[in-house]
Structures are given as C-alpha cells and as structure tokens.
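Listed below are the residues making up each chain.
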2 protein chains.
Amino acid sequence: VFQEIEAARERLHGVAHRTPVMRSSALNRRLSAEVFFKCENFQRIGAFKFRGGWNVISQIKGDDRIAGVVAYSSGNHAQAVALSAKLRRIPATIVMPNNAPKAKLAAVEEYGAKVIRYDPTTEVREDVAQAIQAETGATLVPPFDHPGIVAGQGTSACELHEEVPDLGLVMVPCGGGGLLSGTAVATKSVAPKCRIIGIEPERADDAVRSFRSGVIQTCDNPDTIADGTRTKSMSDLTFGFMQEYVDDMQTVTEQAICDAVGFFFQRMKLVVEPSGALGLAALLSGAVKAEGRIGLIVSGGNVDGETFHTILDRAQV
Amino acid sequence: VFQEIEAARERLHGVAHRTPVMRSSALNRRLSAEVFFKCENFQRIGAFKFRGGWNVISQIKGDDRIAGVVAYSSGNHAQAVALSAKLRRIPATIVMPNNAPKAKLAAVEEYGAKVIRYDPTTEVREDVAQAIQAETGATLVPPFDHPGIVAGQGTSACELHEEVPDLGLVMVPCGGGGLLSGTAVATKSVAPKCRIIGIEPERADDAVRSFRSGVIQTCDNPDTIADGTRTKSMSDLTFGFMQEYVDDMQTVTEQAICDAVGFFFQRMKLVVEPSGALGLAALLSGAVKAEGRIGLIVSGGNVDGETFHTILDRAQV
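The structure presented is a predicted model; accordingly, all values stated were derived computationally and were not measured. (Residues numbered from 1 in each chain as written. Chains lettered and ligands numbered in written order. Predicted model: local features only at pLDDT ≥ 70, side-chain atom pairs only at ≥ 80, totals over all residues. Heavy atoms only, no water.)

Undergrad: Help me out: how do you make sense of the overall build of chain A in this one?
TA: A tally of helices and strands in chain A yields 15 helices and 10 strands. The C-alpha radius of gyration of chain A comes to 18 Å, within 12% of the 20 Å expected for a compact globule of 317 residues. Projected onto the principal axes, the alpha-carbon positions of chain A cover approximately 55 × 40 × 40 Å. Expressed as a percentage of the 317 residues in chain A, the buried residues total 59%. For chain A, long-range pairs separated by at least 24 residues make up 72% of all intrachain contacts whose partners lie at least 6 apart in sequence. Summed over its atoms, the accessible surface of chain A is roughly 12,500 Å², and 46% of this surface lies on carbon and sulfur atoms. One way to put it: in chain A the 33 positive side-chain charges average out to a point 6 Å from where the 37 negative ones average out. (Helix = DSSP H or I, 4+ residues; strand = E, 2+ residues; numbered from the N terminus. Rg over C-alpha atoms; globule rule 2.2 N^0.38 Å. Buried < 20%, exposed > 50% of the residue type's maximum accessible area, 1.4 Å probe, protein only. Contact = heavy atoms within 4.5 Å. Areas by Shrake-Rupley, 256 points an atom, 1.4 Å probe, with all protein chains shown as cover. Lys, Arg positive; Asp, Glu negative; His and termini not counted. Charge placed at Lys NZ, Arg CZ, Asp CG, Glu CD.)

So this is what it looks like as structure tokens:
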C-alpha cells in the first residue's frame, strides 16, 4: 500500500499544497515535550480531504471523465471532490442533506458542482448516490472506503516525517478512518518505530470500541461538536488498516476539544475546526501522555463563525 | 539607519521567530495579483512588537539591567517589553490604564512584569511612566518613538524581501509609525523600486492627514476596531521617516477591516487582529489597486474571542 501512497504523492505534486509544520514554544514548555503540527487546515479547501479526492479523481480517464463523479458528504469531502473535479473539468454531483448548512452548500456550488438534496429522515444518502451513478455512469468517490482515498490521505504523514525526523508518536483524528489508515501505513513504512494513536470524541467512540473489541462498532448521529468524526462506522478497509498498523485509540471530551480549539486560536493564531483539534485535546487533557517528539495531524480549519464563537466561549485556555 | 536594522537582525537571530510568508490562490485569482502575507501574528507574543522591544532591551547593559525597564501600553508593546525583559531577567514595570482588558493584564503578568495601573481620566500615562523612571532609574522603552524600536520593526520587511524578491509594493498598517518607518527604510535599502503605502483606519487617519499636510496631525481616542492604530499621533522621528521614505498613505473603512479579518478566518484559517488586516482591507475594498507582486505585513493576531465574533458577524466575505 505504501507504493500507492508514493504514487499519490506524484499525482498531488504541484496541485495540493505542501502544508507547513508549526510549533508552539509555550506548549512545548507546558508539556515538556516537542509537538509538531502538520497544518492541513492550510490545505486546499481547508482540509486534508483534498489529498484523497484529488488522488482518485486525477486517475479518471477517457469516457469516465465525461460521465463525471458523484459523492455524498455534507462536509470537507464534498468540497474536495467538487474542487478536484473542477480542476479536471469533470462534472461533479454532490449529494447533500436538505438541512446542510448554507455555507457548505454555497462552497460546493462555488466550485461548480451540482448539488442534489435529499431528505435524511426518509432517504439514505448512499442510495441516492447509487441511483445517480446508475443513471449517469458517474464514478462514485466515497469519503474513506477506497484504497485511493486512503493512499491520498497518507501523503500528509509522508511530508511530516520528511520534515521532522525521529518522531516517537503521531496522533490522528478518526472519523471513518481514511486519514488514520493512510497516516498509519505511511508512518510504519518510513518511521517504523513511531507509534500511531487515533483520537475520537468520547461521544463518537465507535472506532475506539471497534479497536478494543476486534469487531466494527457503530455510532448513530453522535452528538459531538467535532462534525468530521460523526461518521457512523469505519469500513472493512479502514478497520483492517487500524487493526494492523495502529498502536492505540483514545477518546477526548467535548470540553477538551473546545480547550484545544481555544489554544490554537489564542496562542497559535490558527483557525482549526474541532475535529482537527483532537490530537491537541488529547495532550492538553492528559488522555495521551506527552513525551518526546510528537506529530499531530491538524486535519482541517473549516468552521463557521457562530460555531467558532460557541467553542471559544466554552474554552478554558 | 539601515545598518541599525541589520544590527537588529543579528540581535533577533535565534530569539525572535522568522515568521512564515503565506499566500492565498483564491485571493490572487480574485485580485489578478500576487499577494504575499508576512505573518507577524506568528511572531512571539503574537505581534511584530517583539522585534522592536527585544532590539532595545537586549542592548541594556550593566547596572541598567538591575534598574530594569518601564513601558506604557495596553496592547502588544506591553507584552513585547514584558517578554523581552523576562528573557534577559530584567525587572519590567508596565503602566496600564485601570480599564484595560483583564486578558491583557493577565498576559503581561504571566510574563512576570509588574503592572502599575493609572486612571486615564485624571492621569497621563507618560507622566506615570516618567515618575517611575525618575524613582527607579529604569530605562523607558517607548512604543515607537525610538531609533532602536524602528530598527527592530524593520527586520520583518528584510525577511520578506529576502524570501520574496521583486515586490512592487509593500503595505503596512500605521499606528504610531514604528512598523511603517522600519519597513520603509528596510525596503528602500534592499528593494529601492518597491513602493511603500501605509494604511490607517478612516476613523484614525492622523498619519494620512499628516502625510498630506506636511505637519503632524492628531486623533483623540479614535473609535476604530483596529486598536493597534489608536495612537494619538506619530512622533517627529516616525513622521520624518514617513516623509522621506513612504510613497503614499490610504485609509480603509471599519467595514473593510471586518471583511478582511473575515477573509483571513474563512479562507486562510488565520487569526489576524483588526490592525493586522489593514493591508488586505485596502486591497479587497479597492482603496489601493491590486497589481503585480504585493507584500503585506500582517502585524499581529491578538484579538479576544468576543471581539473576533463581533467582527466575523459584520464581515462579508
């Protein structure tokens, strides 16, 4: 699989941003450790999702280009697919719930994608997407259950290890497990001694329970502020990667997530969405012991002003 | 004076951060120009002010170290002096109004400085600081009216020109004119063809009026959200630099400032304080025509959550 990550790097070169790695001396002093933040909030579309989306969509050839792509997502994956398709002049259809935030609808439409709304109380988004696929012949680009998506997401960790050698631990937020899988594969290939810990909100702990029980567990519409981790469950693909390559899984509280977003705002002047702050939340709250050289994948920065205010209001920095 | 900036660079080396230069492809497309953001919001204490403060305080020798330093400021300069003094183990006294925000008082005290509060309705802060100076023999570190402060602030522009050659225009926010003076001197030395434009809020336009009239003008407690520019007036020193080295001065509205802060938040995932957004405000509003390669000094990122929310609420991005 690591070869696929290396191939993804080639495809992403010059298209995706090589995101910066940032540090905070105040944090390092507080934790007596060295923390390196891989800032995917500075990636195109404001999140790592562009890596996987572009890796898959850049490989679409011939008539499949004309048929276009279809995806279901109300979040960053929607924008990743919409932008990738736009860059390749491929038509894109995004299936979004009719209660999705206006800002997210607008962002996707700004990239020129067609939005199909569905009623989440009566329809299943996968069914809606499959119906479109059957009708148009479009290529379905799933948010995480695809080797090309996993490979694309793994490119961020490659850049991190290249820039920061000798990391002892890398922490990754976990929703459906695409970023976790790619990061774990990349890390075990280029820095085999480095441990990998996946972090989930306590309220959306399906992957943690899956990890401990050895069987895929689910969470239905979990009530967490970290919207990027509200996925119902991992897939067989990402669960398999987790079992093989991930060293541990831990949870953090909603308060810890808010505190971490507040720290990014106040001390580091970074806008980080709640899902992107899970690793820092684990360190600040003590859910994971800080020690040595630690890499954190800051997965994204897409958060609206109102939500950001609510979080900062709760944060204790 | 450029020699003093080069000497300041030596003193700052390894102490101040070499801040990153960032870009936004979305902005460049919108403006049909190339904009480079020198991110002093990532500087120590969250603003460029550390450069000037450290440059002056690092030169204090012998018994003067024991006597300590004194400064008056309710903003970033206070933190810059407090941190610089702490790093040299010099006692620092900061004169702050008794209505200063708690967060700012706390930040200064966290750096170990002694805070002396005064009543801004009955006392003049310069008098309070001078009384302390007379009593203790402490060195007064003024916020901008000092060649060492100007030289320190000019180091940011040196780094910018080194990293981004052939800039045609550099824009700088203007409060008391320390950053504007240092940037203008540095720019005319290393990139003589590059134009310099200083930007002020329309509501705090003393420097613009000074520039046009050739005589120092004042603004009393201007009602602008850009708190870093509320300085009453320039000094003879900074006014002189402006007259000699600055090509033009322009103003921006409060709305344009909010829009620019909102753009930084939503599109660039950067926390920028209103004063730091003046250059982008000028470009987005058309107050300054965007053309070619433009450098903007993003002066700082110290803004509290409530103010940030108020700004985002008003912003149209």
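Here the narrative resumes.
Undergrad: Even after reading the chapter, I still don't get the nonpolar core, so can you show me in this structure?
TA: Nonpolar side chains in soluble globular proteins generally cluster together in the buried interior. Grouped together as the largest cluster of nonpolar side chains are 82 residues, with contacts concentrated most on Phe37 and Met171 of chain A together with Phe37 and Met171 of chain B. Dropping the residues within four chain positions of it, Met171 of chain A is found in contact with Ile197, Ile199, Gly279, Ala282, Leu283, Val288, Ile294, Gly295, Leu296 and Ile297 of chain A. (Core = buried A, V, L, I, M, F, W, Y, C linked by side-chain atoms within 4.5 Å.)

Undergrad: Got a minute to help me understand the interface of chain A and chain B in this structure?
TA: The interface is formed by 23 residues belonging to chain A together with 23 residues belonging to chain B. Note on chain A versus chain B: buried area summed over both sides is about 1,700 Å², and carbon and sulfur give 58% of it. Taken together, chain A and chain B are joined by 2 salt bridges. Its salt-bridge partner being Glu110 of chain A, residue Arg267 of chain B comes within 3.4 Å of it at the nearest N-O pair. There are 9 residue pairs in polar contact (both at pLDDT 80 or more) connecting chain A and chain B. At 6 residues, helix H15 (residues 305-314) of chain A tops the list of elements feeding residues into the side of chain A that touches chain B. Of the residues assigned to the side of chain A that touches chain B, the class counts are 9 nonpolar, 8 polar and 6 charged. (Buried area = accessible area lost by both parts, 1.4 Å probe. Salt bridge = Lys/Arg side-chain N within 4 Å of Asp/Glu carboxyl O. Polar contact = N/O pair within 3.5 Å; in protein donor to acceptor, adjacent residues only side chain to side chain. Nonpolar A, V, L, I, M, F, W, Y, C, P; charged D, E, K, R; others polar.)

Undergrad: So what exactly am I meant to see when it comes to the environment of Val128 of chain B here?
TA: All names here are of chain B. Among the secondary structure elements, Val128 is positioned in helix H7 (residues 125-136). Among the residues examined, Val128 registers a relative accessible area of 13% and is labelled buried. The spacing of Val128 and Tyr72 is 56 residues in sequence and 8.6 Å in space, taken between C-alpha atoms. Apart from residues no more than four positions distant in its own chain, Val128 is found in contact with Val95, Ile116, Tyr118 and Glu123.

Undergrad: Honestly, the packing of aromatic side chains in this entry has me stumped. Any pointers?
TA: Working definition: an aromatic ring pair is given by the centre-to-centre distance plus the angle between the planes. The full count for this structure, using the stated rule, is 11 aromatic pairs over all chains. Here Phe37 of chain B and Phe264 of chain B contribute two aromatic rings whose centre-to-centre distance is 5.3 Å and whose plane-to-plane angle is 75°, an arrangement assigned as edge-to-face. Here Phe37 of chain B, found in strand S2 (residues 34-39), pairs with Phe264 of chain B, found in helix H13 (residues 254-268); they are 227 residues apart in sequence, far enough to count as distant. Each member of the pair, Phe37 of chain B together with Phe264 of chain B, is buried. Site record: aromatic cluster; members linked through ring pairs are Phe265 and Phe308 of chain A together with Phe265 and Phe308 of chain B. (Phe/Tyr/Trp six-rings, centres within 6.5 Å; stacked < 30°, edge-to-face > 60°.)

Undergrad: Is there a simple way to think about H7 of chain B in this case?
TA: An α-helix turns once every 3.6 residues. As a result, residues three or four positions apart point the same way. Residues and elements named next belong to chain B. When the terminal C-alpha atoms of H7 are compared, their 17 Å separation across 12 residues agrees well with the 16 Å that a helix rising 1.5 Å per residue should span. Residues of H7 that are buried in the fold lie against strand S3 (69-72), strand S4 (92-97), strand S5 (114-118) and strand S6 (139-140). At the C-terminal side of H7, Gly137 shows a positive phi close to 75°. (Expected span 1.5 Å × (residues − 1).)

Undergrad: Sorry, what's going on with the side chain of Ser156 of chain B here?
TA: Residue and element names in this part refer to chain B. Examined against the element boundaries, Ser156 turns out to sit in helix H9 (residues 155-163). For Ser156, a relative accessible area of 0% puts it in the buried group. Not counting residues within four places of it along the chain, the set of residues in contact with Ser156 comprises Lys38, Glu40, Arg51 and Ile297.

Undergrad: Would you take a moment to explain the relation of the copies chain A and chain B for this structure?
TA: Superposition of the two copies of the chain requires a rotation about an axis and a shift along the axis. Rotating chain A by 180° about the axis while translating it 0.0 Å along that axis superimposes it on chain B, leaving an RMSD of 0.0 Å. The relationship between the two copies is best expressed as a two-fold rotation axis. Using C-alpha coordinates, one finds that chain A approaches the rotation axis most closely at Leu270 of chain A, a distance of 2.6 Å. When the interface residues of chain A are mapped onto chain B, 100% of them again lie at the interface, so the same face is used by both copies. (Least-squares fit on C-alpha atoms with pLDDT ≥ 70 in both.)

Undergrad: Can you walk me through the pattern of salt bridges in this structure?
TA: Residues and elements named next belong to chain A. Under the counting rule described, the total for this entry stands at 28 salt bridges over all chains. The residue Arg51 makes a salt bridge to Glu159 at a minimum N-O spacing of 3.0 Å. In this pair, Arg51 is assigned in helix H3 (residues 49-57) and Glu159 in helix H9 (residues 155-163), connecting sequence segments 108 residues apart. A relative accessible area of 1% means that Arg51 is categorised as buried. The network of salt bridges with common partners includes Lys38, Glu40, Arg51 and Glu159.

Undergrad: Could you clarify how one ought to interpret the sheet that holds strand S10 (residues 293-298) of chain B in this entry?
TA: Working definition: the strands of a sheet are paired by backbone hydrogen bonds and lie parallel or antiparallel to each other. Residue and element names in this part refer to chain B. The strand order across the open sheet built from 6 strands is S1-S2-S10-S7-S8-S9, with neighbouring strands paired in mixed fashion. Here the strands that pair on one side only, and so sit at the sheet edges, are strand S1 (21-22) and strand S9 (248-252). H13 rests against S1, S2, strand S8 (195-201), S9 and S10 of the sheet, and its axis sits at about 85° to S9. The strands that helix H14 (residues 278-285) touches are S2, strand S7 (169-173), S8, S9 and S10; relative to S8, the one it contacts most, it runs at about 95°. (Pairing = 2+ DSSP bridges. Axes fitted to C-alpha atoms, helices over the stretch in contact; angles between N-to-C directions.)

Undergrad: Hey, could you run me through the side chain of Asn76 of chain A in this one?
TA: Along the chain, Asn76 of chain A turns up in helix H5 (residues 76-87). In contact with Asn76 of chain A, other than residues within four places in its own chain, are Ile45, Ala47, Lys49, Glu273 and Asn302 of chain A.

Undergrad: What is the right way to look at the sheet that holds strand S4 (residues 92-97) of chain A in this model?
TA: Residues and elements named next belong to chain A. Overall, parallel pairing links the 4 strands, which are arranged S5-S4-S3-S6 in an open sheet. The two strands at the open ends of the sheet, each matched to only one other strand, are strand S5 (114-118) and strand S6 (139-140). Sheet topology note: the strand S3 (residues 69-72)/S4 ladder contains 4 bridges and is parallel. Considered in S4, the bridge of Val69 is made with Ala92. In the packing of helix H7 (residues 125-136) onto the sheet, contacts are made with S3, S4, S5 and S6, and the angle to S3 comes to roughly 170°.

Undergrad: Explain the environment of Phe239 of chain B here, please?
TA: Residues and elements named next belong to chain B. With respect to the helices and strands, Phe239 occurs in helix H12 (residues 236-245). Owing to a relative accessible area of 8%, Phe239 belongs among the buried residues under this scheme. Separated by 39 residues in the primary sequence, Phe239 and Glu200 place their C-alpha atoms 14 Å from one another. In this structure, Phe239 is in contact with Ser210, Phe211, Gly214, Val215, Ile216 and Met234, ignoring residues within four places of it in sequence.

Undergrad: Help me out: how do you make sense of the packing of helix H10 (residues 178-190) of chain A against helix H12 (residues 236-245) of chain A in this one?
TA: For any two helices packed against each other, the geometry comes down to the angle between their axes and how far apart the axes lie. All names here are of chain A. The contact between H10 and H12 brings their axes to 9 Å, and the two run at 40°. When the axes of H10 and H12 are compared, the crossing they make is left-handed. Of H12, the residues touching H10 (which contributes Gly178, Leu180, Ser181, Ala184, Val185 and Lys188) are Thr238, Phe241, Met242 and Tyr245. When the residues that make up the contact of H10 with H12 are grouped by side-chain class, the tally is 6 nonpolar, 3 polar and 1 charged. (Left-handed = near helix turned anticlockwise from the far one by under 90°.)

Undergrad: Just to check I follow, could you spell out the environment of Ala184 of chain A for this structure?
TA: Residues and elements named next belong to chain A. Note that Ala184 resides in helix H10. Measuring from C-alpha to C-alpha, the distance between Ala184 and Gln43 comes to 20 Å, with 141 residues separating the pair along the chain. Contacts of Ala184, omitting those with residues within four sequence positions, involve Ile196, Tyr245 and Val246.

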